[in-house]
Amino acid sequence: MNTDVAQTLEAFMAQALAMELEAMQRYSDLADAMEMHNNREVAELFRKMSVIESKHAAQIMSEMGWKEPPPLPAAPGWEGFEAAETISLDDVHYLMRPWHALQLALRAEERAERFFARLAQAATAEPVRKAALELQQEEHQHVELVRAWLAKVPQPDPDWAHDPDPPRYDH
Amino acid sequence: MNDVGIQPTALAPAAFKSAIKPIWCPGCGDFSVLSAITKALAMIGRPPHEVAIVSGIGCSSRIPAYTSCYGLHGVHGRALAAATGLKLARPDLTVLVTGGDGDGYSIGGNHFLHACRRNVDLTYVVMDNHVYGMTKGQPSPTTEPDWDSKLAPGGTHIRVFHPLVVALAAGANFVARAFSGDPNGTAALIAQAIRHPGFSFVEILSPCVTFRPEQREWKTQVRAAPVGPTDDPVRAAHRVMTDDGFNIGVLYAGSRAPYVPERRASPATVADLEAEFRV
Amino acid sequence: MSDGIDRAPARGALQGVSVALAGSGGSGVMTAGTLLLAAAAKAGGYGLMVRTSGPQIRGGEAAALVRLADRPVDTLGDAFDLLLAIDWGNVNRFADEIPLTARSVIIGDSDEGEPPAIYAGTGARYLAVPMKKTAKAIAGAWVNMVALGLVGALVGLPRSALEQAVRADGKRGEAALAANLAALAAGYTAAGELDPPLALPRLPRIAQPRDRWLISGNEAAGFGAIRGGVRFVAAYPITPATEMLEWMAPALARVGGTLLQAEDELASINMIIGGAYGGVPSLTATAGPGLALMAEGIGLAVASETPVVVVDVMRGGPSTGIPAKSEQSDLSFAVSGLHGDAPRLVLAPTSIADCATTTQWAVHLAERLQAPAIVLSDQFLGQSRAIIDPPVDPGVGAERLVAEANAPDYKRYRDTESGVSPMAIPGTPGVTYTADGLEHTEAAVPSSAARDHRLQLDKRSRKLLNFDYGDRWADIQGDGDAAVITFGSTTAAVREAVARARAQGHRLRLIALRLLAPAQPQRLAAALEGVRRVIVVEQNHGAQFYRYLRGHFDLPANPASYHRPGPLPLRPGELHRALADWNGEGRAAR
């Protein structure tokens, strides 16, 4: 786990970019997995999240004037092995409902917000502190966005995880 | 020293993924391992067409087709043999071997022993989920003795196989354990394994969300190994004999020369062979 | 030197002279037999040596069975002209393999007593010679050298040829060499002093020797493989294939290839699939039990369309069977022993020389058709050593259709008219793919769809069936309305039997198949044009070849079968009688 706080703006933004890209990739992988398991609704939701994260990444790159991502460090883990904004793989279920997916996204964005808040506190260089605060603000907006989205989706039935068929014998 | 050094690379991890979507259950640890492999290969810096991934049978053995590298999806338990043949015929390629605990330690056990012993320059990545997933949940050699299943009701009551112990004893030149829940750490370990000459073995704890949902607890049990790697097999042996299966990191990085068959500078011709028989 | 023996061979029939050298452990008869053959080679002649021994690793009873002639010898005769035994320890064991008649001669050592009843009872004439005493009189000399000199003289080999053979063997130092040459001379001289004198058939002087090789079937197969382009072998030792691997190990290293001893046969077949997948023509060699273990792997080669050659040096089966003896009982397994619909190539060399030609051809076919090829050799061919005309070079070798770099819209398993699709070799950019045992689409993506399965099955079948194998698929000789069909090592004995029958005025066609799978029913039908009766000859208990022919080919009504299992080889006389019976003749030649 890399918990070092970068002390230059370049390095800090590179880490932030790494976080966005990792989150984007994770949402994309999850979208693929849900598609393969015929959970179309959640697949589309994860696909949307992946696009949103890729836009955040593009935004960072544009602000920094990067045509391509710089050689990336590992995205810093904070509350686990992976970057703050990345949904954990083992929190998903092939029968999950959009509500579950959004709960995971919400927690991811909240983690990201906490992450930048702590970084802002721990930063010693002013540009880094400013950037961290800005990103914290942005993550906060994402949190609100996801909450609003959540309010629009129905709560899952109590037996959402019930599959009347046993696991398939595959090849 | 192998010929794969650290180079600045224009090849991003995404370049190593194919368009084929994995069939793994959402939540499967193998997604992370696949991601880690692509990151490791990006770090190594060779293009996908110079890398070959060889596998056997099982969920994790489906990995070759999910990459853009050359792949050989062979039969159950024989990936190390196929990879050995490939590497000896084509020493110029970077050859990875992927598979699960059943494929590698049960039916593949004999080839595992001899691959470690032979020390050809290969990297063997085992995704260990303590179960046979593809066939619906039977115990594997690493399954706990009291784990209940249809095929072994009440548990196998048989001591588990210790892959790191066996690898070390059989002569593997690099022995490590990783955890799929830490994909970046795993990527770094795999890259290190590829760079290390000889037979490099990385056992990766990779939970099976469908048949071993309790393995979600692994992320609370794994820890970075309290000591760094050693190049002394005796010291490594001491450590691994008391290992509880959750230490993450490199156990042993040895210096055995990799097995490389003799290659003559100026080979003889077929006509030269005929002379042996001519009366 | 007129000796009263009519040396003019019966029309078309091979005579020559057959000697057996036997003794118990330490008597050195194997070496003597080898040197006898080598001496015949030096003298310009031809010959065949078969070795037989008890199960002990060393010191067991052994016999060298040698047949010499002035033309190529591919089979042992019906009986031995001479049995020379240095001692009689357990030599009874070989009685079935050393048939004697009243015209045969037995030479034993003066101090070893009378021959056992099983040999004496044949009516053969017995002579005692003090071979051991002769050897003891020369410091450092070995009794087998005395025997070698004695036998060499009796069969008409020049002394110089024998000496050359002993010198070339050069395993021991100068002093030992001198002693053995002296022993050789003593034995040679003793031949002329026998009382009463012996008159065996003799090898005629050969004025202008042809180019010849001295080689075993196992070595020939290994050589043919290398000449065909094989440069990677992974294998596990097994009787009677091990010598092929032991010859290939240094040979491959010399030509820039590699041989790896695998941990078992499961590893062997998968290793060579890996090597072949990497673009290097690859081969393994084994025997029945190993072939059985390799079945799953061979299936992977079929499904993934990876060329490999598996040489099966057949031995007595089933299971562990009779490891050191020959049999033709793996045929059924080779042609049909894979799960699923799994077309594959099966070939069988017809002689020791043909082991080189056919193995080389197998490499070519496997690589050209991207399929596994099983070569059915056997213990008789593999472990026998012969003086042969240089093996025919079929002029073809590994020639794989490979994909070009960055080929547009590359599909590894694209359906083509021939059924063969270009194979991408690792390292080639733009055409990466994953080879798979799973059924797959043309683009090598795993698939369970009916359309894909059908297409790929058709492709893998069609590529073998539609290929033009040319005339090499079988040796066809003779004419007439009766035909004998066989394969493998029995061919030579059948050929000799047919020659005898022809000398008696019978017209017989001989068809020895070299390509067993895919079946070539149209070619066999053409070869059987005008034939109304066939008999199938093979060395196994279950008449496997007969059943295979009946199942996959059109034969005339009431095909007959002559089959018996190992361990004893089929002999020309036995087959000649069988043919006579089949012809309905209960009486002697017309």
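Conventions we followed
- Residues numbered from 1 in each chain as written.
- Chains lettered and ligands numbered in written order.
- Predicted model: local features only at pLDDT ≥ 70, side-chain atom pairs only at ≥ 80, totals over all residues.
- Heavy atoms only, no water.
- Helix = DSSP H or I, 4+ residues; strand = E, 2+ residues; numbered from the N terminus.
- Rg over C-alpha atoms; globule rule 2.2 N^0.38 Å.
- Buried < 20%, exposed > 50% of the residue type's maximum accessible area, 1.4 Å probe, protein only.
- Contact = heavy atoms within 4.5 Å.
- Areas by Shrake-Rupley, 256 points an atom, 1.4 Å probe, with all protein chains shown as cover.
- Buried area = accessible area lost by both parts, 1.4 Å probe.
- Salt bridge = Lys/Arg side-chain N within 4 Å of Asp/Glu carboxyl O.
- Polar contact = N/O pair within 3.5 Å; in protein donor to acceptor, adjacent residues only side chain to side chain.
- Domains from an automatic or database assignment.
- Phe/Tyr/Trp six-rings, centres within 6.5 Å; stacked < 30°, edge-to-face > 60°.
- Lys NZ or Arg CZ within 6 Å of the ring centre and 35° of its normal.
- Expected span 1.5 Å × (residues − 1).
- pLDDT = per-residue confidence, 0-100.
- Core = buried A, V, L, I, M, F, W, Y, C linked by side-chain atoms within 4.5 Å.
- Axes fitted to C-alpha atoms, helices over the stretch in contact; angles between N-to-C directions.
- Parallel < 35°, antiparallel > 145°, perpendicular 65-115°, else oblique.
- Left-handed = near helix turned anticlockwise from the far one by under 90°.
- Nonpolar A, V, L, I, M, F, W, Y, C, P; charged D, E, K, R; others polar.

It is worth spelling out the overall build of chain B at this point. From N to C terminus, chain B includes ten helices and eight strands. Relative to the 2.2 N^0.38 estimate, which gives 19 Å for 279 residues, the radius of gyration of chain B is 19 Å and therefore close to what a compact globule would have. Seen through its principal axes, chain B has C-alpha atoms that stretch 70 × 45 × 35 Å. A buried classification covers 61% of the 279 residues belonging to chain B. Residue pairs in contact within chain B that sit at least 24 positions apart in sequence constitute 71% of those at least 6 positions apart. Carbon together with sulfur atoms contributes 60% to the accessible area of chain B, which is approximately 10200 Å² in total.

A few words on the interface of chain B and chain C. Taken together, the contact pairs 44 residues of chain B with 53 residues of chain C. Here chain B meets chain C over a buried area of about 4200 Å², counting both sides, of which 63% is carbon and sulfur. On the chain B side of the interface with chain C, the three residues burying the most area are B:Tyr70, B:Phe277 and B:Val279, jointly 19% of the side's total. Across the salt bridge formed by C:Glu263 and B:Arg118, the nearest N and O atoms sit 2.6 Å from each other. Run the count over chain B and chain C and you get 21 residue pairs in polar contact (both at pLDDT 80 or more).

Before going further, it helps to examine the domain arrangement of chain C. If you check the domain split of chain C, you get domain 1 (16-192), domain 2 (214-388), domain 3 (401-467) and domain 4 (472-589). Spacing between the C-alpha centres of domain 3 of chain C and domain 4 of chain C amounts to 40 Å.

A separate point is unusual backbone geometry. The phi angle of most residues is negative, glycine excepted, and most peptide bonds adopt the trans form. Residues and elements named next belong to chain C. A cis amide bond links Asp 195 to the next residue, Pro 196, at an omega of 0 degrees. Located in the positive-phi region is Asp 409, a residue other than glycine, with phi close to 50 degrees. As for its placement among the helices and strands, Asp 409 is situated in the loop between strand S14 (385-388) and strand S15 (434-436). Owing to a relative accessible area of 54%, Asp 409 belongs among the exposed residues under this scheme.

With respect to the element layout, C:Ala141 can be found in the loop between helix H3 (131-136) and helix H4 (143-154). Residues C:Ala141 and C:Leu184, 43 residues apart in the sequence, show an inter-C-alpha distance of 9.0 Å.

Applying the stated criterion across every chain yields a total of 48 salt bridges over all chains. Among the salt bridges present, the one from A:Glu35 reaches B:Lys21, with a minimum N-O distance of 4.0 Å. Here B:Lys21 lies in the segment before helix H1 (30-44) and A:Glu35 lies in helix H1 (residues 9-36), a pairing that spans two chains. A:Glu35 sits in the partly exposed class, given a relative accessible area of 35%. Put simply, C:Arg227 and C:Asp393 hold a salt bridge, and the shortest N to O gap is 3.9 Å. You can see C:Arg227 sitting in helix H7 (residues 217-227) and its partner C:Asp393 sitting in the loop between S14 and S15, a full 166 residues away along the chain. Residue classification places C:Arg227 among the buried residues on the basis of a relative accessible area of 16%. Several salt bridges converge on common partners, so that one network encompasses A:Asp32, A:Glu35, A:Arg47 and B:Lys21.

Moving on, we come to the packing of aromatic side chains. Counted by the stated rule, this structure contains 26 aromatic pairs over all chains. With a centroid separation of 5.5 Å and an interplanar angle of 50 degrees, the aromatic rings of B:Tyr105 and B:Phe112 are classed as tilted. The exposure classification of B:Tyr105 matches that of B:Phe112, with both residues buried. Here the aromatic cluster, defined as three or more aromatic residues joined through ring pairs, consists of B:Tyr105, B:Phe112, B:Tyr124, B:Phe161, B:Phe199 and B:Phe201. A cation over an aromatic ring shows up here: C:Arg533 above the ring of C:Trp582, its NZ or CZ 4.2 Å from the ring centre.

Moving on to H1(B). All names here are of chain B. For H1, spanning 15 residues, the distance from its first C-alpha to its last is 21 Å, which sits close to the expected 21 Å at 1.5 Å a residue. Counting buried residues in H1 gives 13 out of 15 residues, a clear majority hidden from the surface. At the exit of H1 stands Gly 45, carrying a positive phi of roughly 95 degrees.

Confidence in the prediction of chain B, expressed as mean pLDDT, is 93, and 96% of residues score 70 or more. Taken together, the stretch residues 1-8 of chain B has pLDDT below 50 and engages in 16 contacts with residues farther than four places along the chain or on a different chain.

Before going further, it helps to spend a moment on the nonpolar core. Soluble globular proteins tend to bury their nonpolar side chains together. Counting 172 residues, the largest nonpolar core has B:Phe201, C:Ile98, C:Tyr119 and C:Phe545 as its most contacted members. The biggest single contributor to this core is helix H12 (residues 352-369) of chain C, with ten residues. Residues in contact with C:Tyr119, not counting those within four places in the same chain, are C:Leu83, C:Trp88, C:Val91, C:Asn92, C:Phe94, C:Ala95, C:Ile98, C:Leu100 and C:Ile106.

Once that is clear, we can look at the packing of helix H3 (residues 98-122) of chain A against helix H4 (residues 126-152) of chain A. Residue and element names in this part refer to chain A. The contact between H3 and H4 brings their axes to 8 Å, and the two run at 160 degrees. With respect to H4, the element H3 is oriented roughly antiparallel. Like other packed secondary-structure pairs, H3 and H4 cross with a definite hand, here left-handed. Residues of the contact of H3 with H4, tallied by class, amount to 16 nonpolar, four polar and six charged.

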